[in-house]
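# Coordinate inspection notes
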Amino acid sequence: MQLSREDLLRAYRSMCTIRQFEERVHAEFATGDIPGFVHLYAGEEASAVGVCMNLGARDSIASTHRGHGHCIAKGCDVAGMMAEIYGRKSGLCAGKGGSMHIADLDLGMLGANGIVGGGAPLACGAALTAKTLKTGAVAVAFGGDGASNQGTTAEAMNLASVWRLPVVFVLEDNGYAESTASAWSIGGDPLVRAEGFGIPGVRVDGHDFFAVHDAARDAIARARDGGGPSFLHLKLARYFGHFEGDGMTYRAADEVAKLRAERDCLTLFRRRVEEARLLDPAALDAVEAEVAALIEDATRGAKAAPMPAPADLLTDVYVSY
Amino acid sequence: MARKSFRQAVNEAISQEMARDPRVIVMGEDIAGGMGAPGEDDAWGGPLGVTKGLMPQFGRERVLDTPITESGFIGAAAGAALTGLRPIADLMFVDFMGVCFDQIFNQAAKFKYMFGGKARTPLVIRTMYGAGFRAASQHSQCLYPLFTHVPGLKVVIPSSPYEAKGLMIAAIRDDDPVIFFEHKMLYDVEDEVPDEPYTLPFGEANLTREGEDLTIVALGRMVTLANEAADRLGGQGISCTVIDPRTTSPLDIETILEEVRATGRLVVVDEASPRCNMATDISAQVAERAFEALRAPIRMVSPPHTPVPFSPALEDLYVPDVEKIIQAARTAMAAGGRKAA
Amino acid sequence: MAGLRALVMPKMGLAMTEGMVAAWRKAPGEPVAAGEDVADIETSKITAGYESPATGSLRRQVVKPGVMVPVGTLIGVIDDGTADDAEIDAFIAARQAAFVPAAEAASVPAPVRVATEIGPVQVLEAGPQEAAPLVLIHGFGGDLNNWLFLQPLLAARFRTFAIDLPGHGGSTKTLPGGNFAALARAVAAFLRARGIGPAHLVGHSLGGAVALALAPQSLSLSLISPAGLGAEINMDYISGFIAARRAREMQAVLAMLFADPALIGRDMVEGVLRYKRLDGVAAALQAIAAANFANGRQNTSLRATLAAIRVPTLVVWGEADRIIPAAHADALPASVRVVRFPETGHMAQMERAADLARHILDIAGM
């Protein structure tokens with residue numbers, strides 16, 4: 001572990017931001033103010049932050065329908081995200097994308113994605129751009145256990161291997177593709193699948209920020225150095241349903257409570273840095289308070305922000321038409 | 001200026017744009033050919049030789065052979081377009097859209113809108129279409145109506161070598177995703193094509209014939225047939241306007257309406273399957289906006305609603321031909337009222 | 001049959017291989033004078049009058065209007081009044097039996113691109129190598145095809161070079177500058193590249209001003225509706241030419257060029273549109289217009305230059321010119337020969353090719 005105090009504070013701030021953002025969306029969604037449907041990332045923070053801590057703004061990520069965490073970890077503006085989720089004109093996508101399509105191309109956030117398995121080929125494209133223009137950038141494709149069974153994921157991994165692209169495939173295996181257990185839906189072992197494409201892979205405890213961070217660091221460095229694609233299989237868990245309103249009747253009764261008590265990535269992180277005396281509790285508490293204020297502002301701002309104008313319906317379909 | 005085939009015109013357009021802009025790359029199955037194989041490099045230059053010579057000129061880094069993995073490489077092309085390249089991806093036969101359509105219509109087509117206008121997706125997908133090649137049901141379709149249906153895509157259907165070069169250069173320079181349809185039967189057709197780069201505008205129909213009695217709208221390869229039909233009808237005293245829309249998205253409906261208002265009669269020739277094709281779309285728009293100008297029912301010349309058959313005996317029956325266009329024109333002329341003085 | 005003269009489908013332009021009678025101007029039996037239009041001939045590019053080669057009466061219209069026939073095909077017969085019908089039938093039969101259409105494209109000279117210090121310049125050369133050089137310089141938005149009727153007539157006596165100015169036709173679209181002097185430098189660069197010394201210069205409109213700027217290096221000057229002799233210029237034409245994108249818009253713009261707009265063929269319109277779509281053309285045209293016609297007026301006068309030159313100079317103007325008024329031919333120095341064509345627009349080299357050729361030969365001392 002070579003993270004500085006500033007890095008650790010940044011990591012904790014980012015993970016806390018995701019957690020509080022998602023818990024707030026969860027609470028607000030229940031009031032009926034948020035249109036559509038949202039898929040919350042709470043519980044998986046160590047993945048997004050552990051990976052994205054190793055990326056810069058010129059690096060790209062392709063995300064999933066459960067994308068808020070990736071957005072925040074990649075640096076997206078939280079107020080803009082919240083406004084987007086509320087369908088406001090001031091949203092990151094001007095209210096036209098919503099939760100499933102938040103993107104910030106200037107930050108290399110190529111979009112959450114409403115299509116399971118949609119992102120992996122796009123990440124290959126970003127990696128191809130980096131390779132062709134010799135920018136030194138890398139791309140990361142986040143995908144869930146559902147996406148891991150899509151043909152696009154297999155095609156993207158093969159293409160990345162054949163073209164030796166600077167891309168890292170991150171499988172966020174939270175145990176459930178919608179209501180279906182990954183233990184049932186994934187035939188064989190994802191690591192062996194990667195190996196079959198000639199892509200080195202490693203299985204990591206996705207609740208452990210440090211384990212994720214170090215594995216991602218190595219994979220991203222390998223990509224940046226021209227070593228080609230890598231694969232990370234992260235075992236982790238989501239605290240909320242597939243979407244808000246999912247009663248999660250398919251999960252064991254005490255499953256989430258137990259995870260929160262024993263395997264929570266934020267708690268594990270705090271314990272680790274406090275025990276190693278890397279950060280003191282007061283500093284961590286201060287981060288939490290700071291984030292709480294940020295989320296409160298973002299939520300108030302989003303609720304007060306104007307809706308798109310009728311004329312906005314017809315714009316942004318084409319650059320020119 | 002020299003006579004060039006449709007194939008050469010497309011090749012020259014791509015080559016000139018690759019020379020002009022280092023961000024332009026091409027990718028596809030067998031786009032150079034022979035990758036990893038013991039024989040020649042640039043073995044194919046695409047299955048029908050359209051991209052032959054590009055790899056030796058621009059290198060493997062910009063002319064990328066792909067595995068047979070349409071979802072993978074079409075998606076990669078979309079991602080590359082989103083991040084700064086200007087890829088030209090070869091979908092080979094448009095029939096193969098079935099295995100990669102998500103990457104086109106859910107991803108590339110929608111980036112700009114769903115990201116609130118911030119995205120640019122300068123992607124060209126080249127693809128072969130059309131019957132007449134004895135290629136049967138999975139290699140002969142005219143699926144441009146499906147792409148035309150999707151907001152965010154532009155759809156280009158060039159009708160001649162001259163049109164192909166100008167429209168291809170325009171497609172490559174366009175910042176939106178463009179689906180570029182190449183009819184297999186047109187590749188060997190020759191035409192005067194300027195050596196210099198030039199562009200043809202999207203959404204501006206071309207009048208290939210100007211007449212007074214009847215308007216014929218035709219797409220892609222059908223334009224040649226419509227021209228021939230118009231010339232023969234002209235010899236029989238029926239003077240026809242022939243409109244080549246060039247692009248179905250954007251569609252220059254205004255020019256079509258203008259000509260229908262001038263002639264009062266409309267025949268639409270579309271090689272695509274007859275339900276929800278361009279003929280029905282154009283007819284509906286004309287009926288909605290220029291009904292009062294019509295002096296006879298609109299005639300649509302399309303294939304029957306069947307898959308494309310294999311046997312030459314059946315395929316020749318399937319595809320619209322000059323006789324069918326002439327027949328439709330005669331029917332339109334015979335029906336309805338006289339031209340107002 | 002001494003009094004019988006064949007009318008054949010004329011070759012109007014080097015690349016013409018076929019044409020049709022658009023309309024007969026004379027009925028069978030009607031008298032016709034030599035030089036009088038006996039028919040309108042239509043090619044895909046343009047329609048032009050066909051001057052009778054002899055005086056007599058039109059005895060037969062062999063070809064009906066609207067029928068496309070190869071160049072050289074017998075289309076009519078003129079007689080001085082001595083032949084009977086049997087003789088004419090025999091004459092027609094003999095001509096038709098002997099007629100062999102020229103092999104297509106075999107003898108058509110093609111333009112070539114010449115590398116010069118200002119970039120490639122396209123030229124169509126025609127005429128004997130040993131003859132005196134004559135350079136044809138087109139106008140704004142034109143190209144070497146503007147000379148398609150005149151060049152063959154001049155090529156009988158001169159080694160002719162019809163060039164495309166920079167920004168035009170097949171020449172470089174990068175301008176060395178947009179004003180007369182810069183374009184003149186480009187022509188001079190071409191002459192150097194081809195090793196051509198002093199030459200007879202024929203310039204049209206903007207090309208007339210360019211030719212005038214090159215007067216010191218010329219053997220004679222023939223200026224057709226030249227720019228540079230007055231302030232007026234039809235900006236509807238200049239701006240319209242730059243703006244027009246579609247065939248009908250361009251047709252309306254090009255119609256301003258001719259006294260009889262019906263002369264413009266579909267191919268001419270399409271050719272101009274195709275030229276305008278080439279990379280760099282829009283910028284070049286705008287730059288030339290800005291350099292010479294800013295504020296809607298010609299901003300360079302070459303009248304002083306004209307007064308100072310010593311070589312034989314011809315100024316030709318169509319009285320119905322709607323681009324640059326024929327009044328610009330007024331009050332020119334006495335040394336300049338001025339010819340005005342009635343019922344002629346801005347394109348005397350197309351509208352009055354035969355007459356114009358005679359005047360050019362004369363001023364050049366040929």
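Residues numbered from 1 in each chain as written. Chains lettered and ligands numbered in written order. Predicted model: local features only at pLDDT ≥ 70, side-chain atom pairs only at ≥ 80, totals over all residues. Heavy atoms only, no water.

All names here are of chain C. Examined at the domain level, chain C breaks down into domain 1 (4-98) and domain 2 (112-363). The centre of domain 1, based on its C-alpha atoms, is set 32 Å off from the matching centre of domain 2. When the two sides are added together, the surface that domain 1 and domain 2 hide from each other amounts to roughly 1,100 Å², 69% of it contributed by carbon and sulfur. Summed over the shared surface of domain 1 and domain 2, the result is zero salt bridges. Taken together, domain 1 and domain 2 are joined by one residue pair in polar contact (both at pLDDT 80 or more). (Domains from an automatic or database assignment. Buried area = accessible area lost by both parts, 1.4 Å probe. Salt bridge = Lys/Arg side-chain N within 4 Å of Asp/Glu carboxyl O. Polar contact = N/O pair within 3.5 Å; in protein donor to acceptor, adjacent residues only side chain to side chain.)

Turning next to the packing of helix H5 (residues 235-243) of chain C against helix H8 (residues 281-293) of chain C. All names here are of chain C. Relative to each other, H5 and H8 sit at 160°, their axes nearing to 10 Å. Comparing their axes, H8 and H5 come out roughly antiparallel. Considering the relative orientation of H5 and H8, their crossing is left-handed. Counting all contacts with H5, which are made through Met235, Ile238, Phe241 and Ile242, the residues of H8 involved are Leu285, Gln286, Ala289 and Phe293. Across the contact of H5 with H8, the residue classes tally to seven nonpolar, one polar and no charged. (Axes fitted to C-alpha atoms, helices over the stretch in contact; angles between N-to-C directions. Helix = DSSP H or I, 4+ residues; strand = E, 2+ residues; numbered from the N terminus. Parallel < 35°, antiparallel > 145°, perpendicular 65-115°, else oblique. Left-handed = near helix turned anticlockwise from the far one by under 90°. Contact = heavy atoms within 4.5 Å. Nonpolar A, V, L, I, M, F, W, Y, C, P; charged D, E, K, R; others polar.)

A word on empty space enclosed by the protein. Applying the stated criterion across every chain yields a total of two cavities of 30 Å³ or more. Roughly 60 Å³ of internal volume is contained in the largest cavity. Residue lining of the largest cavity: 13 residues in total, with Val50(B), Asp90(B), Arg126(B), Met128(B) and Tyr187(B) positioned closest to the centre. Of all the elements in the fold, those that place two or more residues in the lining of the largest cavity are strand S4 (86-93) and strand S5 (124-129) of chain B. Ranked by residue count, the leading element in the lining of the largest cavity is S5(B), at three residues. Residues that form the lining of the largest cavity fall into these classes: six nonpolar, four polar and three charged. Contributing to the lining of the second largest cavity are Val317(A), Val319(A), Ala108(B), Ala109(B), Lys112(B), Ala119(B), Arg120(B), Thr121(B), Gly152(B), Asp175(B), Asp176(B) and Pro177(B). Within the lining of the second largest cavity, the residues separate by chemical class into six nonpolar, two polar and four charged. (1 Å grid on protein atoms, 1.4 Å probe; cavity = no way out; pocket = protein on both sides within 12 Å on 5 of 7 lines; lining within 4 Å. Points joined across faces, edges and corners; volume = space filled by probe spheres on them.)

To continue, consider the environment of Val50(B). Residue and element names in this part refer to chain B. Checked against the element boundaries, Val50 lands in the loop between strand S2 (24-28) and helix H2 (54-58). For Val50, a relative accessible area of 4% corresponds to the buried category. The spatial distance from the C-alpha of Val50 to the C-alpha of Gly79 is 24 Å, given a sequence separation of 29 residues. What Val50 contacts, discounting residues up to four positions off in sequence, is Arg7, Val10, Asn11, Gly45, Arg126, Glu182 and Tyr187. (Buried < 20%, exposed > 50% of the residue type's maximum accessible area, 1.4 Å probe, protein only.)

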